[in-house]
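Structure at a glance
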Amino acid sequence: MLTASPVARLSAPPGGPGPAGVLPDASVRDRLAVLDDAQEWSAFSRTLDGRPSCWESSVVFEGMHCAACALTIEDALRAVPGVESVHVSAASHRGRIVWSDAVVKPSGWMEAARRAGYPALPANDAFANERRKLEMRKAVWRMGVAGLCMMQVMMYAWPAYVAEPGDLSGEMAQLLRWASWVLTLPVMLFSCGPFFSNALRDLRQRRISMDLPVALGMLITFVVSTAGTFEPEGIFGAEVYFDSLTMFVFFLLTGRWLELRLRDRTAGALEALMNRLPDSVERQRADGDFERVAVRRLGPGDVIRVLPGEAFPADGAVLQGETLADESLLTGESRPVARGPGSAVIAGSHNLASVVRVRVERTGGQTRFAQIVALMDAASTTKPQIAQLADRLAKPFLIAVLVAAGGACAFWWSHDPGHALMVAVAVLVVTCPCALSLATPAAMLASAGALARRGVLVRRLQALEALATVDTVVFDKTGTLTRDAFALGAVTTRTGVSAEQALGWAAALARQSLHPASRALVAAAAGAAWPELQASAVKEVAGQGVSGQVDVCGGQTWRLGSAAFCGLAQTGAQTLQVCLADASGWVATFELREELRGDARATVQALRDRGISVRLLSGDGAAAVARVAGELGIEAAQGDCSPQDKLAFLRQAQQQGRKVAMVGDGLNDGPVLAGAHASFAFGQAVPLAQAQADFVVMGDQLASVAQTLQLARRTMRIVRQNLGWAAVYNAVCVPLAVFGWLPAWLAGLGMAVSSLVVVLNALRLAVPANFLDKV
């Protein structure tokens, strides 16, 4: 029988669906303790290179609403002995915690987060979707109750606004107040529950977050209005504000509900990729039957059966069956790819067509999927410099809000105590550091999600900020502007030998070699009409060539390789040439050329059209580099460059004030990629954990470079718009509230709208995948 992992049991929603055996009255501490088993750590953590006792865990925090919440969590966890570093994102609600298992266990720092009021859950929570639905249902209920009561209270408040003197008797006015008070009670006791509980938590722990001034505003309004209802002749009896209270509570809850929905959309692509693995899979037993087991129990060598519609849980090779696999979110390949016996399948891709049997080769953290998730998870918790500044300003801003509200109340108290308190409420409610703290991360996450759908991984969100300022793009040649493989060009043969014959003989020898030139000849021969020949007694001399006997050729020895290896004179050609010779001498010469990527020319032109200077630096010969540069229209090109030469050029350009982006293969260009303002690596053959680039292109589309640059510029425009809106909103609304010109209900509406404007503006970046094709 399949059972859920301790991680899943830990995070099963209370009272919701969960595996059998979860006790509803189990203590939180006991449930956290299940994560102290070291066998469970790999489900949400990984060890750091060179430090086997240090772990980096990825978690999601509940109850967060603003940047002050993120700072509170970081402070609480950093105070736990054994926790070395903490990074929490206010936009994604995700965090990365580095801790030492020699000092602390996961239950220790998770308990600290819970005491701070923000329970932590493993980022790969099996019940994350259920928890989000439960959170959404609660938000809808609170909003619905507030909305229904608001409409009824407005109906009872309306006569007081429109009645002429003498139209409304004192008894009737008092009855309407009592009716409004009764209808406000469900709003205060139910709909406002999260605001009050969070504010009480802040007071107990002597800190401040966005919910504290909001809860104070709600409580003051209710107390003043209640006093006016119970003592109409008292100092607060002139007017009650139940309509304003219910209205701004409804507006705030509506804004938070919409924010919750929009946040899921902005980070949708990141979450979709991180949660692609299934919880279980059918594994073959020793007797040949299949049983369903948890994915975490798989190991290399296991044989599994993957059904149509399921995701492949591990890297492996197909043993039986043919199907189509969707690898779009992992490789950037938008079309399904055929997979049959012997074909490799990757964890996280989806089986689309039919049942296949797969032999598992790599599981867990060894898979490419795990490396991708680790990079994206790290990116989702990084903070760009602008966001860090906004976070640092959040707490001082909230303190200034409380001081301003107190000052406004003191100023108006002599005029009218009731009005003074409502002015203070308006100041408390209208100010919104949420818009300021969400302005940058919301846009960055939306942009990262859009790029992830196109197969471009953002390793550091701040790289988008740097990329937007780039004015120079430097390309490597081999494997970047050109494909990794060679393509066959001109074929020259001696008299009486056709090109097809020569290619067939050469391919017979080349099949016994793994050299790139040999693979190019074999690939070219596969498309020729000449029958496939076999070779025997084959010997390969590394870096020089291959010799052997080719069938149907009289048993003579043939040589395939350099001119010197074949005993021929050097030609001095500038291109790569492979010679074929028999006992009589020269037979043929095959010219191999590097094949340009299909979109290389269009990409270079697109960059130049946007005012970007394009350069080519390569370690290859100057002639080959010049040829590629000429074909692509790149005027500044340099060959015979060592990694030190490239780094020297980069530093010189930066000293001249240029913002440089480097596009390379991810490993050979490591120092330059690390030193550039922004960098790209094509990740098909790159160990992602070792890649030094800010952006890893999972597919082979060079156009991704120009598209990412354009999206980065658009992202920063939206960030500036968001910051501008947040600044203008607070600069205008706070003085209006202080001077008493902004009623409490309008302040609540303004606060809700300010955050929504920021998130909606950022959502413009979370566009369908085909948008970037039009950029």
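The model shown is predicted, which means the values in this text are computed figures rather than measured ones.

Comments concerning the pattern of salt bridges
Throughout the structure, instances matching the rule amount to 17 salt bridges. Put simply, E111 and R115 hold a salt bridge, and the shortest N to O gap is 3.8 Å. Here E111 and its partner R115 are both found in helix 5 (residues 106–115), 4 residues apart, which amounts to about one turn of the helix. When its relative accessible area of 6% is taken as the criterion, E111 is described as buried. Between R362 and E361 there is a salt bridge whose closest N-O contact spans 4.0 Å. According to the relative accessible area criterion, E361 is partly exposed, its value standing at 39%. Among the charged side chains, a network of salt bridges with common partners joins E282, R292, R305 and E310.

So, the sheet that holds strand 7 (residues 290–294)
If you walk across this open sheet you meet the 6 strands as 7-6-8-14-9-12, and the pairing is antiparallel. Each having just a single partner strand, strand 7 and strand 12 (344–345) make up the two edges of the open sheet. Here 4 bridges tie strand 8 (residues 303–306) to strand 14 (residues 356–362), and the two strands are oriented antiparallel to one another. Looking at the pairing, R305 lines up with R357 of strand 14.

Remarks on unusual backbone geometry
Residues other than glycine predominantly adopt negative phi, and peptide bonds predominantly adopt the trans conformation. Although it is not a glycine, A537 sits at a positive phi angle of roughly 50°. Given a relative accessible area of 56%, A537 falls into the exposed group.

Remarks on a nonpolar patch on the surface
A grouping of W158, Y161 and V162 is seen on the molecular surface, where their side chains present a nonpolar patch of about 360 Å² in accessible area. Within the secondary structure layout, V162 lies in helix 6 (residues 128–162).

Describing the packing of helix 19 (residues 499–510) against helix 20 (residues 516–526)
Between two packed helices, the angle of one axis relative to the other and the distance separating the axes together describe the packing. As a packed pair, helix 19 and helix 20 sit with axes 9 Å apart at the nearest point and diverge in direction by 130°. Classified by the interaxial angle, the pair formed by helix 19 and helix 20 is oblique. Seen from above, helix 19 lies across helix 20 with left-handed handedness. Between helix 19 and helix 20, the residues in contact are L503, A506, A507 and A510 and S518, L521, V522, A524 and A525, respectively. For the contact of helix 19 with helix 20, the class distribution of residues is 8 nonpolar, 1 polar and no charged.

About the criteria used
- Residues numbered from 1 in each chain as written.
- Predicted model: local features only at pLDDT ≥ 70, side-chain atom pairs only at ≥ 80, totals over all residues.
- Heavy atoms only, no water.
- Salt bridge = Lys/Arg side-chain N within 4 Å of Asp/Glu carboxyl O.
- Helix = DSSP H or I, 4+ residues; strand = E, 2+ residues; numbered from the N terminus.
- Buried < 20%, exposed > 50% of the residue type's maximum accessible area, 1.4 Å probe, protein only.
- Pairing = 2+ DSSP bridges.
- Patch = residues over 30% accessible without salt bridge, like charges linked within 9 Å, V, L, I, M, F, W, Y side chains within 5 Å.
- Areas by Shrake-Rupley, 256 points an atom, 1.4 Å probe, with all protein chains shown as cover.
- Axes fitted to C-alpha atoms, helices over the stretch in contact; angles between N-to-C directions.
- Parallel < 35°, antiparallel > 145°, perpendicular 65-115°, else oblique.
- Left-handed = near helix turned anticlockwise from the far one by under 90°.
- Contact = heavy atoms within 4.5 Å.
- Nonpolar A, V, L, I, M, F, W, Y, C, P; charged D, E, K, R; others polar.

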